[in-house]
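Structural description and commentary
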Amino acid sequence: MRVAVVGAHGVGKSTLAGELGRRTSLAVPGLDAMRDPVGSPPRSLLECTEAEVVQLSLRRYAQRVEQESATPDMISDGSVLHEWVYAAVRLRRQALSGARQDGVLTDVVAGLLREAAARAARTYDLFLLLPVEFPLPPEDRPVSEPFRADAEALTREVTTGTGVPVHLLDGSVEDRLAAAASILGRVRHETVNSP
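In this text the structure is predicted, and so the values were computed from the model without any measurement. (Residues numbered from 1 in each chain as written. Predicted model: local features only at pLDDT ≥ 70, side-chain atom pairs only at ≥ 80, totals over all residues. Heavy atoms only, no water.)

Now for the environment of A88. Of note, A88 is situated in helix α3 (residues 82-96). Between the C-alpha atoms of A88 and C48, which are 40 residues apart in sequence, the distance is 15 Å. Excluding anything up to four places from it in sequence, A88 contacts V109, L113 and L154. (Helix = DSSP H or I, 4+ residues; strand = E, 2+ residues; numbered from the N terminus. Contact = heavy atoms within 4.5 Å.)

Rendered as C-alpha cells:
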C-alpha cells in the first residue's frame with residue numbers, strides 16, 4: 001500500500017504520517033530540509049529566489065522519487081506534488097502582488113507540476129488530504145494564511161485530477177488517525193478480497 005498525506009504547510013502532515021507509520025508499520029521515507037541551493041550561500045527557503053525554489057523543488061522531487069521507488073509499502077509525507085504546489089503558489093502570489101514575474105519560469109513550474117501529478121497517479125493508492133483548520137502560531141509563519149488557502153485549493157485540484165482516491169481527514173490528530181486507520185483497513189480488505 002502506498003499512501004500520500006497531503007495538504008498545505010502546517011496542517012499536520014508530518015505528525016499524521018509519522019504516527020500512522022508507527023501504527024501500521026508502513027515506512028515513512030525521510031527527506032532533507034528544503035534549503036541551501038547548490039551554487040549559492042547557505043540560506044533558508046524563504047530567502048531563495050524563484051529560480052532557487054525551482055532548484056530545491058527539483059532536488060526534493062528527485063529524492064522523493066528515489067526513496068519512494070525503493071519502498072513498496074509506505075506513507076509519503078507530502079507526496080511528489082508538495083514542492084511543486086509550493087513553487088506554483090509562490091509564483092502565483094508574487095504575480096498577484098505586482099512583483100515582476102518570469103513567465104517562462106511560471107510555465108516551467110506548471111509543466112513540472114503536471115509531470116509530478118502524472119507520477120503521483122502511477123505511485124499512490126490513495127491520498128489523505130488534511131485541510132487548513134487552524135492558523136499557524138505567530139512564531140511559526142513561513143507562509144501567510146492566504147498562501148495556505150491557495151496551496152490547499154491547488155492540492156485539492158491536482159490530487160483530484162490524478163484519478164487516485166482522495167480522502168479528506170479533519171478534526172483532532174486522534175480523529176484523523178482513526179479515520180485514516182479505517183480507510184487503510186478498508187482498502188487493504190478490498191485489495192485482499194479482489195479477484
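Here the focus is the packing of helix α2 (residues 50-69) against helix α4 (residues 103-123). Packing of α2 against α4 leaves a shortest axis separation of 12 Å and a crossing angle of 10°. Taken together, α2 and α4 sit at an angle that is classed as roughly parallel. Side by side, α2 and α4 meet where E50, A51, V54, Y61, V65, E68 and S69 of the first sit next to L105, V109, L112, E115, A116, R119 and T123 of the second. Here the contact of α2 with α4 is composed, by residue class, of eight nonpolar, two polar and four charged. (Axes fitted to C-alpha atoms, helices over the stretch in contact; angles between N-to-C directions. Parallel < 35°, antiparallel > 145°, perpendicular 65-115°, else oblique. Nonpolar A, V, L, I, M, F, W, Y, C, P; charged D, E, K, R; others polar.)

Take the environment of E83 next. The topology assignment puts E83 in helix α3. For E83 and E66, which are 17 residues apart along the polypeptide, the C-alpha to C-alpha distance reads 15 Å. A polar atom in the side chain of E83 sits 2.8 Å from the side chain of R60. (Polar contact = N/O pair within 3.5 Å; in protein donor to acceptor, adjacent residues only side chain to side chain.)

Another point: the sheet that holds strand β2 (residues 74-77). Strands belonging to one sheet form pairs held by backbone hydrogen bonds; the direction of such a pair is parallel or antiparallel. Judged by pairing direction, the sheet is parallel, and its four strands sit side by side in the order β2-β1-β3-β4 without closing on themselves. One side of each edge strand has no neighbouring strand; the edge strands of this open sheet are β2 and β4 (166-168). The average angle at which neighbouring strand axes cross in this sheet is 25°, direction not considered. Note: strand β1 (residues 2-7) against strand β3 (residues 126-130), five bridges, orientation parallel. (Pairing = 2+ DSSP bridges.)

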